[in-house]
Structures are given as structure tokens and as C-alpha cells.
Amino acid sequence: MLFNRKTDIIGQSSVTIKTLIDDWNKFLKKDTYLISDEKAIFLNSLKSALKSTKTPWYLIFDFKLRTDLKSNSAKLQDLKKGIEGYNDLFMNNKKVEYKELFRNGDLILDDDQQTAVITDNKYNLIVAGAGSGKTEVLITRIAYLIKRKSQSIKPERILALAFQNKAAIEIKERLKKRYNINVEIRTFHSLGKKIIEDASKLNGCAAPAIKPECSEDYKYLNFIRMLFEKEASSNSKLQNDIVSFMKRYADNEVIKVKSDFEKKEDFYRYQRSLMYSALDGTKVKSEAEREILNYFLTHKLNDQKIKIIYEHPAYWMKYRNENGEEIIPKPDFYFPDYDIYLEHWAIGSNGRVPEWFSGENPTKEYTDSMNLKKEKYKVNRKILIETYHADYEKGSFTSVLQKRFLEALKVRQLNVIHEIKGLSYIELIESVWDCAQFVKQLPFNISQFIVIAKTNRLYPADIAKRIKNERWTPKQIAFTKIANLIYEMYQNELLKNNHIDFADMINVAVDHLKNDESLYNNTYDSILIDEYQDISTQRYDMIRELINKNAQCKLFCVGDDWQSIMGFAGSNLDFFVHFDKYFTNPSRTDLTINYRSIKSIVDTGAGIIRNNRGGQIQKVTKSVRDEIKPIHVFSSMHSRGNFNKYYEQIAKHCLDTIKEYCISQNYSYGDFMILMRIAKNPKLRNFISDYAGLLKIPITENADRPNCVRIMSVHKSKGLQSKVVMILKVDEGLYGFPCELENPDVLLPAILNDDGLRMKEERRLFYVAVTRAKEEVFIYS
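Since we're looking at a predicted model, the values are computed, not measured.

What counts, and at which threshold
Residues numbered from 1 in each chain as written. Predicted model: local features only at pLDDT ≥ 70, side-chain atom pairs only at ≥ 80, totals over all residues. Heavy atoms only, no water. Helix = DSSP H or I, 4+ residues; strand = E, 2+ residues; numbered from the N terminus. Rg over C-alpha atoms; globule rule 2.2 N^0.38 Å. Contact = heavy atoms within 4.5 Å. Areas by Shrake-Rupley, 256 points an atom, 1.4 Å probe, with all protein chains shown as cover. Salt bridge = Lys/Arg side-chain N within 4 Å of Asp/Glu carboxyl O. Buried < 20%, exposed > 50% of the residue type's maximum accessible area, 1.4 Å probe, protein only. Phe/Tyr/Trp six-rings, centres within 6.5 Å; stacked < 30°, edge-to-face > 60°. Pairing = 2+ DSSP bridges. Right-handed = clockwise from strand over helix to strand, strands pointing away. Core = buried A, V, L, I, M, F, W, Y, C linked by side-chain atoms within 4.5 Å. Expected span 1.5 Å × (residues − 1).

(A) Local environment of the overall build of the protein chain. A tally of regular secondary structure across the protein chain gives 28 helices and 29 strands. Against the 2.2 N^0.38 benchmark of 28 Å for 781 residues, the protein chain shows a C-alpha radius of gyration of 35 Å, more extended than a compact globule. Summarising its shape, the C-alpha atoms of the protein chain cover approximately 120 × 80 × 65 Å along the three principal directions. A separation threshold of at least 6 residues defines the contact pool for the protein chain, and within that pool the share at least 24 residues apart is 76%. Of the roughly 38,700 Å² of accessible surface on the protein chain, a fraction of 51% belongs to carbon and sulfur atoms.

(B) Structural detail: the pattern of salt bridges. This model, assessed by the stated rule, comprises 51 salt bridges. In this structure, the salt-bridge partner of D241 is K237, at a minimum N-O distance of 3.2 Å. In this pair, D241 and K237 are both assigned in helix α9 (residues 236-247), 4 residues apart and thus about one turn of the helix distant. What makes K237 exposed here is its relative accessible area of 54%. K300 serves as the salt-bridge partner of E427, at 2.9 Å between the closest nitrogen and oxygen. Here E427 is found in helix α15 (residues 425-431), whereas its partner K300 is found in strand β9 (residues 299-301), with 127 residues between them in sequence. Since its relative accessible area comes to 31%, E427 is described here as partly exposed.

(C) Focus on the packing of aromatic side chains. Tallying each qualifying case throughout the model produces 43 aromatic pairs. Aromatic side chains F335 and F405 sit 4.8 Å apart centroid to centroid with 35° between the ring planes, which places their arrangement in the tilted category. A residue pair is termed long-range when its members are at least 10 positions apart, and F335 in strand β14 (residues 333-335) and F405 in helix α14 (residues 397-412) qualify at 70 residues. For the pair F335 and F405, one class covers both residues: buried.

(D) Just the pairing of strand β5 (residues 184-187), in detail. Note: strand β4 (residues 158-162) against β5, 4 bridges, orientation parallel. Of the residues in β5, the one forming a bridge with L161 is R186. You can see the chain leave β4, run along helix α6 (residues 165-179) and come back into β5, and the turn it takes is right-handed.

(E) Structural detail: the nonpolar core. If you look at the biggest cluster of nonpolar residues, it comprises 70 residues, and the most contacted ones within it are I242, F296, F335, F405, I446, F479 and Y490. If one sorts the elements of this core by residue count, helix α19 (residues 474-496) sits on top with 8 residues. The contacts of Y490, once residues within four sequence positions are left out, are C214, Y220, F223, I224, L227, I450, K454 and D501.

(F) A look at helix α21 (residues 537-549). With 13 residues, α21 should cover 18 Å at 1.5 Å per step; its first-to-last C-alpha distance of 18 Å lies within 8% of that length. Among the residues of α21, T537, Q538, R539, Y540, D541, M542, I543, R544, E545, L546, I547 and K549 are the ones counted as buried.

(G) View of the sheet that holds strand β16 (residues 383-388). If you walk across this open sheet you meet the 4 strands as β11-β14-β15-β16, and the pairing is mixed. Two strands lie at the open edges of the sheet, namely β11 (309-310) and β16, each paired on one side alone. Sheet topology note: the β14/strand β15 (residues 340-345) ladder contains 3 bridges and is antiparallel. Each residue of the ladder has a partner; that of Y334, found in β15, is Y341.

(H) Just unusual backbone geometry, in detail. A cis amide bond, omega -10°, links F737 with the succeeding residue P738. Here P738 is to be found in the loop between β28 (722-728) and α28 (757-770). Its identity as a non-glycine residue notwithstanding, Q151 has a phi of 55°, on the positive side. Tracing the backbone through its elements, the reader meets Q151 in the loop between α5 (134-147) and β4. Looking at Q151, the relative accessible area reads 46%, which means it is partly exposed.

Given below as C-alpha cells:
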């Protein structure tokens, strides 16, 4: 009985191990990469098999059984080592076997690049750095998939996706020229169009067409501008919403409430620190004071502008306090043309000051001070308009304000009839210059808002729900009301004639893939994506659906999260940074060597990104060139208010430097690139053009034009390089870093994942600018 039991134990153990070893040997014959899922299956089976090599307690003294089981355990341990070390050995063998594939003339892919090409997990992420040859890796990967001896893939079952048509053409041409290979290489929009056409054909209906007005970026922007201007010229509600946006333009923070604070005292301290910006930029201490100031800025008296000064010193009211110090009070508002004052008292309808006022008995202290001031006005025979917080609480505050202002004017000028009128929409836009620039920019920001919303698969009803249910800044709420109205009108225009736009080209394709199980089923064995850091929700959904429909398909994504600068177009960096959250058990390979820039530029770029705390992948970046040159930073002494002198100074210094390098160091004009956050800065561009003409320096916006100084926006420079890069206007403002003209803060309600978009993306954009340089960088601030 016991003998039979021992025979069963050793027999079952040996059979289990033989089966596992046989399965492993079958896999070895395939000569393929061991993907994570298969590896997990082998290791789990091995773990179970190890249990069969343990000697039962009641047979612990059976030496032969223990020896046989120990031998089986040793076989399993050897197998475990073989499984765990398999991919490293496979990798080394393939690097030798395909060494000619990894050679391009005198250039050979480095070890990291070869590892990226050979790694063949189900999901693969290649984390590249600037100048690390990621496109070369993508092209070689395609060639490797087709030319490898085991598990080679037919060209027609490979799909490569690029974000720009230019990049897709470049990949196609390089594959054809170097390897004589032709595979399906598309942009996401081109693939979306093909899916829609295929689905429409299957359904026996006409495929929707791109609306002609949306066929190109500038046409799309002009169409949005037309919708906006047409509506703004006649829709009084929209005009009021625009004015409301102007009034809230400086409100960049979400207003906190008491529940946001652990201690009541902290909330009170926060309330006391709040400042509010009026239309002309004046900072005031309460919302009521802002409404007062904005009222007089948006109205005229007898067709004349109303002059009003906030907290103007009243020297006639000066006094000495208990410490003997001379105090000069500053009444809330003063109308110099009429010598009339306005005080807004903080007494509410309950007869008390707000709860966050400081002091032992704040209401009594405030009332005593208020009464003293009132007496001063009376003694000095000054006309005083008084409003109370109680008036503000009741609503119709501006009606009360207007009535009391007219009453005060009647006292001052008894026989004069005064008439107050609101400024027209046009008058208001023209009277507040700073806000006016942003109102002129509204169609552009609305066009971006719509694109971003659609790339996040958010439509007007979704946006309205988000604004209602989530916390946003007053500025964001005011802008979104405007943008969503135009968005709804825009959608209705598309629906009229079965039209779509570029964003719909992907969204509608995703809907077809979700709704038709057979569509694109078992079509691809490999999908490769370039510039994956720019992936958006809609593009991710498209890839996810294709992967789900192709069980054997493997995904290969190449990108650099440090160069993610397409947030304005809806990209979501979370898909890259947390790749393993969206694709289980992926492999990650880093391309660490920069072949473009010298060491000092590579180190500077890494230093810039280190300030993006959180939301970026930490990685090593090394230059193949150990040279170190200083980064040149020139800071102008001209104040922000004197832009003409500032622009003239940097334009001259920049172009003089280029001329000097060309004369003394034998550089050509094509060795220089001038970059700006916003290339269409009219004043600065005029100075550059005029002075370049005097120096006979040829300048161009065309990146391919030879022997010219290239001048462009940082966005356009991505993928390009130059010996010397000169970055202009590296300072805050309308056209600078961070850019205030293209203000992404107002776009956030259309974005599902906010990674600190404004500052982090501006910093990544600056990183892109610096790392275009091979040898030298000049920064003007």
C-alpha cells in the first residue's frame, strides 16, 4: 500500500515535470520572443509543479523518494532559470543574427535601439529622448517583422500610424528606399476615413463627407470666426456672456468654500486675502467693490466717460492715531470731475460685518470707524454716496448704485439733467485694451475648445454637464458658456448635409468599430504608432478597438513624453506615462543616447523637465558628444511697457550675432534657427524683417529652403534641428513663455485629464525649443 503510494508520488511528479519540459521545448523550437502572458503561464505551471516535488511528512525518512523528488526539483529550478533568462539570451542571439539589418551605411543601431526593435511583447513602449533616433527604430522594426525567419509578418497585416501626413510619407519613403518594403502607413484621420467608408459600404449607405469649410485648419478657424462674429453681432445674450467673460478674465482660481479648510480660522484668513480684478485691471477687496467699479467703467454720463479712482488718498481727512502716526484715509471710490466720494460699507442685512472680519468685536469696531468717517464727510461738507453689503445681497445692486449716483449729482449740479447709458458692446470691447485682445482671440480659443472636446469625445451636452457638476474658475465658466453655444451651432451646421469634420473622422470610425463586431476583425498582426506621446482619447479608443478585434496583434508605440506639446489639440499624456494602466504587462525600452546635441544642451534639456514634478517619466539622457558650451542668456533692461525698444534690441542682437558667426566662424545662414512661442508677433517680426534686410540676411518660414535663417514657432520646429538655435521672447506675456494669448486655462473644461496643462506643457515646449540645437543656444528674455 505504502509502496504504491510512493510510486504514485514520484510518477505524478515526473509526468508533471516531463509535460512542462516538453511544452517548453516546443516553445523553444518556435525561436520567438517570450511574451509576458506566456511567461506567466509557464511560471505558474512551474510553481504548481514544484509542489509535486515536496516529500510528504509521513515519508520523510524514505531516502530514495526524497532523492528522486529532489532531482525533479532541481530540473524545475533549471527550467525556471531558463524561462526567466530566455528573453535576454534570445535578444543577444538576434542582435548577432540580424546585425546587417541594424546597419545603415556606416551607422549601426546602438544597443538600446536594437533591443527596442527585437523586443516583441504583446504591448511595447519605446521611451525616446530628443535626437535618439526613434523614427529609425520604427522603420527598422517594420523591416525586422517582415524579414525575420520565425513568425515573420506579411506586409499587408502591418499597420503603421503617424500623426502628420508629412511623417507618414517620410516613413513610407525610407522603408521603400532602404528595404524595398511597402506597408500600410496612415495618419489616424486617414485610417478613420477608410474605416467609415468601409463601414458605409457594408451598410449600403453614403459615407459622410468632410465639410468643405473644415477641410483645412485655416478654413476651419475662419468658419468658427464667421459663426462667432455673426452671432455676436446680433445675439444680445452672447454679447452679455462675452462681457461677463471680460469681467471674469482675471479670476484664475477656483473659489474655495468653508468645507475646503480644516480650520475655520484658515478659511477666514483666505477670505481676507482675496482680491478681485475689475475690467481695467484694478484690484479691489470685494465682489461688491468690483461690481461698483465695473458699473462705472461700462457706463457713460452724458455721453462722456465717467472718471473714477479706487482708494484715492483723501488728504483733507488725515488724522493722527493713538500712536501719533499720521493716517491718510483712502475712501473706496472718488469721482474727481464732481468731487464726489463713494463708500461701500460691509454691513449686511443682519446688521453685522462678514464673519471673517478680524477683531474682538468686529461689527462694533467697524461701525465705530464707519461713523467716524461719516462725521468727517459731514464736517468737511463732502458729498458722499453710500452703499451697503445689504444692498448687494438683495440683488439689483446696479439699480441702487445708479439711483444714488444720480441723486448725488443732483446735489452737486442742481439744474443739470444727467443721463447714464451703458456702453455699447463695440464701445466696451474697444475701451478695455487688455481684455479686447482676448475677445479678438475668442474665435481661435473656441476653435481649439471644440477640437479638444471632440478628441476627448465630449459633445455640448457633456460639456454643459461638466460645468454644472464640477468646480471651475469663474473665468472658465464664463468662457465655456460662450464656447459651448458656438459648439452647438457648429454641430448643427455639420448635421445639415451629412457632414463631418476631422475630429469626427476618428470618432465616427470608433463608433463603427464598436457597433460592428466583424469590421476589421482579424486584419492586423502588428500596429505601430509614431509620436505616441501625442495620443488622445479618441485615438486611444480607435487603437483599443482594433487590438480587441485582432487577438494576435502586437502593439509597438514610440514617443517622448518630454516632447508632448499637443495638449491644445487634445492629447492626453496619461496614455503614455501610465502605459501599463491601459495595456497590461507591457515591455518598456528606453532610448537614452542623443545623437543630435552636445552634452551641455542635453543636460540643460533634462534640467528643464525636472521642474515638471509628477506626470513625466524619469529617464536617463546622454549625449554621444561630450562637448560643453555655455547656454547664452541675454536679459533686456527695457521694461515690459516698452516693447518696441525691447523688440528692436533683441532683433538687432540676434541678427548681428548670426552675421558675425557667418563672417568669423564660417557658418552658413542655414545653420541658424530663430524660434518664438508665437511666430505671428507682428511688432517683433517687423523688426526682424527690416533689420535682416539691412544686413542682407535671407530669412524664411520654409524649413526646407536652403541657406536661409529659418524663423518659426516652436511647435513648427518639432522634428527639425540646427547648429544654433535662438529663442526669442522667453518671458511671460501675450506672445511669450508661458503664452497668455493662447491661454489653455479656459480649455480645461474640454479636457478629461488635466496634467497641469498650462505650465507643464509650456515647459515641455521650451524643452523642445532648446533641444533643436546641435551646438549652441541663445535665449532672449
